[in-house]
Amino acid sequence: RNKGNEAFRNKDFASAIAHYSEAIEASDSDARNWGNRAAAYLEAGEAGKCVEDCDAALKCLDKSESGSGSGSGSRSESDQPLRAKLLNRKAKALAQTGDLQGAVASYEESNKVVPSAATEKLKQEAMTALRLKENPTFLIDQAAKDKERGNEMFKARRYQDAIAYYDKAVECDPDNPVYLLNRATALSEQKNFSAAQTDFSNAAKGARRSQETKHLIGRILIKEARMVERKAADERSKELRAARLREAAQHVAASLKEESLEDADR
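Residues numbered from 1 in each chain as written. Predicted model: local features only at pLDDT ≥ 70, side-chain atom pairs only at ≥ 80, totals over all residues. Heavy atoms only, no water.

## Thoughts on the layout of surface pockets
Then comes step 1: If you add up the space inside the largest pocket, you get close to 360 Å³.
Then comes step 2: Lining of the largest pocket is provided by 13 residues; of these, T128, L139, Q142, E171 and C172 occupy positions nearest its centre.
Then comes step 3: Put simply, the parts of the chain that give the lining of the largest pocket at least two residues each are α7 (117–134), α8 (138–155) and α9 (159–172).
Then comes step 4: Per-element tally for the lining of the largest pocket: the top contributor is α7, with five residues.
Then comes step 5: For the lining of the largest pocket, a count of residues per class yields four nonpolar, three polar and six charged. (1 Å grid on protein atoms, 1.4 Å probe; cavity = no way out; pocket = protein on both sides within 12 Å on 5 of 7 lines; lining within 4 Å. Points joined across faces, edges and corners; volume = space filled by probe spheres on them. Helix = DSSP H or I, 4+ residues; strand = E, 2+ residues; numbered from the N terminus. Nonpolar A, V, L, I, M, F, W, Y, C, P; charged D, E, K, R; others polar.)

What follows is the structure, encoded as structure tokens:
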């Protein structure tokens, strides 16, 4: 197994598979040997064999736990991280074979064994891929729904929530200039002028690239101009506040100096 590990680190996956196969022949009840070969198969592009080895490794863990007297349905805590890793590896391999439903199920099982935000993210990605496979327009449809929810939040002046929904819409359909425009407007309300400027610019580029109507391009440029005015007004307001604070500080300093002189005269 050590020779296999060294070959794996050197990305010599064919040699790693050969060494791990020898380790399995020597000890076919050790889940790590099967798991290591599964990892090498995955890196070598043999996803189907990876799934088979992951299943063999999981069976080894099941037999080990049932023979340890830990009780029916219970699992050894020490084996849980390895079990979760094997399930994640199997899920990745299943996704590569096109079995996205199996991949989602494997990620779900892994998350039950060892809850993980990273595994949850992988599961969500597999679910999205599955939905896209079943419905090619899924992302476009989802983006439109997120945009509508963002609009509702914007009307309620819940700008941060609106931005979160527009983020999702842009993630699903990054080339749609309307979603960028809406997010830019919400960012402007939050006085995040730098991010808003970026979105306004990208929205205008996207509108021109997709040959959108002049009406949409005009809307983008008008809202961008309003944002620039708000930014300038905000900067003037900050300058005015700063000037007043400096003036107040000078008055306080002068007052303290006068009090000090009066005390000295007494």
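## Examining α8
Then comes step 1: End to end, α8 covers 26 Å across 18 residues, agreeing with the expected 26 Å (1.5 Å per residue, within 8%).
Then comes step 2: Those residues of α8 not exposed but buried are F138, A143, D146, K147, G150, N151 and M153.
Then comes step 3: Buried residues along α8 sit against α7, α9 and α10 (177–189). (Expected span 1.5 Å × (residues − 1). Buried < 20%, exposed > 50% of the residue type's maximum accessible area, 1.4 Å probe, protein only. Contact = heavy atoms within 4.5 Å.)

## Notes on α10
Then comes step 1: Taking 1.5 Å of rise per residue, the 13 residues of α10 would be expected to cover 18 Å, and the 19 Å separating its terminal C-alpha atoms lies within 8% of that figure.
Then comes step 2: What α10 keeps buried is the set P177, Y179, L180, L181, N182, R183, A184, T185, A186, L187 and S188.
Then comes step 3: Two to three positions downstream of the cap, the backbone nitrogen of V178 sits 2.9 Å from a side-chain oxygen, assigning the N-cap of α10 to N176.
Then comes step 4: Just past α10, the residue K191 takes up positive phi, approximately 65 degrees. (Polar contact = N/O pair within 3.5 Å; in protein donor to acceptor, adjacent residues only side chain to side chain.)

## Here's the deal with the pattern of salt bridges
Then comes step 1: Within the structure shown, the criterion is met by 13 salt bridges.
Then comes step 2: K49 serves as the salt-bridge partner of E46, at 3.1 Å between the closest nitrogen and oxygen.
Then comes step 3: The class of K49 is partly exposed, set by a relative accessible area of 39%.
Then comes step 4: Measuring nitrogen to oxygen at the nearest pair gives 2.8 Å for the salt bridge that ties R183 to D167. Note that R183 is positioned in helix α10 and D167 in helix α9, a separation of 16 residues in sequence.
Then comes step 5: For D167, a relative accessible area of 33% puts it in the partly exposed group.
Then comes step 6: What you see here is one network of salt bridges that share partners, running through R1, D30 and R32. (Salt bridge = Lys/Arg side-chain N within 4 Å of Asp/Glu carboxyl O.)

## Overview of the confidence of the model for the chain
Then comes step 1: In the predicted model, the chain carries a mean pLDDT of 88, and 89% of its residues have values of at least 70.
Then comes step 2: In this model, residues 70–74 is a region of pLDDT below 50 whose contacts with residues beyond four sequence positions or in other chains number two contacts. (pLDDT = per-residue confidence, 0-100.)

## Comments concerning the packing of α10 against helix α11 (residues 193–209)
Then comes step 1: Put simply, α10 and α11 touch, their axes get as near as 8 Å, and they point 160 degrees apart. It follows that α10 is roughly antiparallel to α11 by the angle criterion. When the axes of α10 and α11 are compared, the crossing they make is left-handed. For the pair formed by α10 and α11, the contact residues are P177, L180, L181, R183, A184, T185, L187 and S188 on the first element and F193, A195, A196, D199, F200, N202, A203, G206 and A207 on the second.
Then comes step 2: Here the residues of the contact of α10 with α11 sort into eleven nonpolar, four polar and two charged. (Axes fitted to C-alpha atoms, helices over the stretch in contact; angles between N-to-C directions. Parallel < 35°, antiparallel > 145°, perpendicular 65-115°, else oblique. Left-handed = near helix turned anticlockwise from the far one by under 90°.)

## Brief notes about the nonpolar core
Then comes step 1: Counting 24 residues, the largest nonpolar core has L181, F200 and I220 as the members making the most contacts within it.
Then comes step 2: Mapped onto this core, the elements with two or more residues apiece are α8, α9, α10, α11 and α12 (214–265).
Then comes step 3: Not counting residues up to four positions away in its chain, the partners in contact with L181 are F200, A203, L216, R219, I220 and K223. (Core = buried A, V, L, I, M, F, W, Y, C linked by side-chain atoms within 4.5 Å.)

## Concerning the environment of Y166
Then comes step 1: Note that Y166 resides in helix α9.
Then comes step 2: Note on Y166: relative accessible area 2%, which makes it buried.
Then comes step 3: In sequence terms Y166 and N151 are 15 residues apart; their C-alpha atoms lie 8.6 Å from each other.
Then comes step 4: With sequence-adjacent residues up to four places away left out, Y166 is seen in contact with K147, G150, N151, F154, Y179, N182, R183 and A186.

## Quick look at the packing of aromatic side chains
Then comes step 1: Per the counting criterion, the structure on display carries two aromatic pairs.
Then comes step 2: The interplanar angle of 70 degrees and the centroid separation of 5.3 Å between the aromatic rings of F8 and F13 together place this pair among those described as edge-to-face.
Then comes step 3: F8 sits in the partly exposed class, given a relative accessible area of 27%.
Then comes step 4: Here F13 falls in the buried class, since its relative accessible area comes to 16%. (Phe/Tyr/Trp six-rings, centres within 6.5 Å; stacked < 30°, edge-to-face > 60°.)

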